[in-house]
Amino acid sequence: LAKTTQPISMDSYEGQEVNITCSHNNIATNDYITWYQQFPSQGPRFIIQGYKTKVTNEVASLFIPADRKSSTLSLPRVSLSDTAVYYCLVGKSNFGNEKLTFGTGTRLTIIP
Amino acid sequence: DAGVTQSPTHLIKTRGQQVTLRCSPKSGHDTVSWYQQALGQGPQFIFQYYEEEERQRGNFPDRFSGHQFPNYSSELNVNALLLGDSALYLCASSLAGQGDEQFFGPGTRLTVL
C-alpha cells in the first residue's frame, strides 16, 4: 500500500480556508485517495474520496494534480467544530472489502 | 437507523487477563473490521470478518481473535493482556462488494494495568 506523508499539526483561525496537503509518491494506478476526520474519543468519519482532478461535496474539496503524487484537502471557512485529526489514506476504492491503513494524521486546531 | 455500536465504552483490566469487546454493525452491513488505536497514533487494522469468517488480518499476534455471528455482530477477544494493549478499539462496518466507505463506531477504551 502507498505510504502517505502529511503535516503533524496545523493551526488556523475561524472563518479561514484550510488546506492540508498529503504526499503519496508511490500511489498505484488503481488507488483512490480518501480523507477521514476523527474527533477525540470517536471513530474516524469519511469526508471525501477522489481519483483525479477535483472532487467537491458539502463538507470539503479534494484537489489531485495530474501526477497524483499528492493531494490537498480544502476545508472552506472553518469553525471551532472542525478541530480534529485528519487522515489521508490511499487504497482501492472498494473500501467495504479493504483494510484501511492510517498514518498519524494531521491535528488541525481552529483558533477563535 | 442506528449506526455502529460498541460495548462497553470503557474497560479496565490487569495484565494477563482476557477481554471481550462487542460490536453491532450499521443496519444492512455484513462486514465488520476491527482496529486498534494507541494514543496519538492512527488506527491500525487488526482483522476483518465476513460471512462469519476472518477474511483479512493485520500484523497482530494470535492473542487477538474474533468472531462474527449470523446477525453480523462481532466480538474481539484479547488473551493474556499486556500493558501495550491499552488503546481505543474501533469497530467499522461496511457492505461487501459495494464501494461505500466503512462506518466506524465510537470505540471501546481499554486500559490494562
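Residues numbered from 1 in each chain as written. Chains lettered and ligands numbered in written order. Predicted model: local features only at pLDDT ≥ 70, side-chain atom pairs only at ≥ 80, totals over all residues. Heavy atoms only, no water.

Enquirer: Even after reading the chapter, I still don't get the overall build of chain A, so can you show me in this structure?
Expert: Along the backbone of chain A there are zero helices and nine strands. In sequence order, chain A lays out its α and β elements as β-β-β-β-β-β-β-β-β. Overall, the C-alpha framework of chain A stretches about 40 × 30 × 25 Å when taken along its three principal axes. For chain A, the residues scored as buried account for 46% of the 112 residues in total. The long-range fraction of contacts in chain A, counting pairs at least 24 apart against all pairs at least 6 apart in sequence, stands at 57%. Here chain A displays about 5,600 Å² of accessible surface, and carbon together with sulfur accounts for 50% of that area. The averaged location of the 8 negative side-chain charges in chain A is 8 Å from the averaged location of its 10 positive side-chain charges. (Helix = DSSP H or I, 4+ residues; strand = E, 2+ residues; numbered from the N terminus. Buried < 20%, exposed > 50% of the residue type's maximum accessible area, 1.4 Å probe, protein only. Contact = heavy atoms within 4.5 Å. Areas by Shrake-Rupley, 256 points an atom, 1.4 Å probe, with all protein chains shown as cover. Lys, Arg positive; Asp, Glu negative; His and termini not counted. Charge placed at Lys NZ, Arg CZ, Asp CG, Glu CD.)

Enquirer: What am I meant to see in the interface of chain A and chain B here?
Expert: When the parts come together, some accessible area is lost, and that loss is often what is quoted as the size of the interface. Each partner contributes to the interface: chain A provides 19 residues, whereas chain B provides 25 residues. Both sides together, the interface formed by chain A and chain B hides about 1,600 Å², and carbon and sulfur atoms give 47% of it. For the interface between chain A and chain B, the tally reads zero salt bridges. If you look at where chain A meets chain B, you find five residue pairs in polar contact (both at pLDDT 80 or more). (Buried area = accessible area lost by both parts, 1.4 Å probe. Salt bridge = Lys/Arg side-chain N within 4 Å of Asp/Glu carboxyl O. Polar contact = N/O pair within 3.5 Å; in protein donor to acceptor, adjacent residues only side chain to side chain.)

Enquirer: What's the story with the sheet that holds strand 8 (residues 84-91) of chain A in this structure? I'm lost.
Expert: Strand pairing in a sheet takes place through backbone hydrogen bonds and is either antiparallel or parallel in direction. Residues and elements named next belong to chain A. Strand order in this open sheet of five strands is 1-9-8-3-4, and the pairing throughout is mixed. In this open sheet, the two strands that pair with only one neighbour each are strand 1 (9-13) and strand 4 (45-50). Within the sheet, the average angular offset between the axes of one strand and its neighbour, ignoring direction, is 25°. Here three bridges tie strand 8 to strand 9 (residues 106-111), and the two strands are oriented antiparallel to one another. Counterpart to Tyr86 in the pairing with strand 9 is Thr106. (Pairing = 2+ DSSP bridges. Axes fitted to C-alpha atoms, helices over the stretch in contact; angles between N-to-C directions.)

Enquirer: What is the right way to read unusual backbone geometry from this model?
Expert: Glycine aside, a negative phi is what most residues show, and trans is what most peptide bonds show. Residue Pro8 of chain B is reached from Ser7 of chain B by a cis peptide bond, and omega for that bond is -5°. In the Ramachandran plot, Ser41 of chain A falls in the positive-phi region, its phi being about 60° despite a non-glycine side chain. By the element assignment, Ser41 of chain A lies in the loop between strand 3 (32-38) and strand 4. For Glu51 of chain B, which is not a glycine, the phi torsion comes out positive at approximately 50°. Tracing the chain through its elements places Glu51 of chain B in the loop between strand 5 (44-50) and strand 6 (53-57).

Enquirer: Even after reading the chapter, I still don't get the pattern of salt bridges, so can you show me in this structure?
Expert: Residue and element names in this part refer to chain B. In this structure the tally under the stated criterion is three salt bridges over all chains. The residue Glu75 makes a salt bridge to Arg22 at a minimum N-O spacing of 3.4 Å. Pair noted here: Glu75 is in strand 8 (residues 74-78) and Arg22 is in strand 3 (residues 19-24), with a separation of 53 residues, a long-range link. Under the relative-accessibility criterion, Glu75 is labelled buried at 17%.

Enquirer: Just checking my understanding: could you explain the environment of Thr56 of chain A for this structure?
Expert: Residue and element names in this part refer to chain A. Along the chain, Thr56 falls in strand 5 (residues 53-56). Take Thr56: its relative accessible area is 51%, and that puts it in the exposed class. Put simply, Thr56 and Ser74 are 18 residues apart on the chain and 9.3 Å apart in space, counted from C-alpha to C-alpha. Apart from the residues within four sequence positions on either side, Thr56 is in contact with Ile48 and Ser61.

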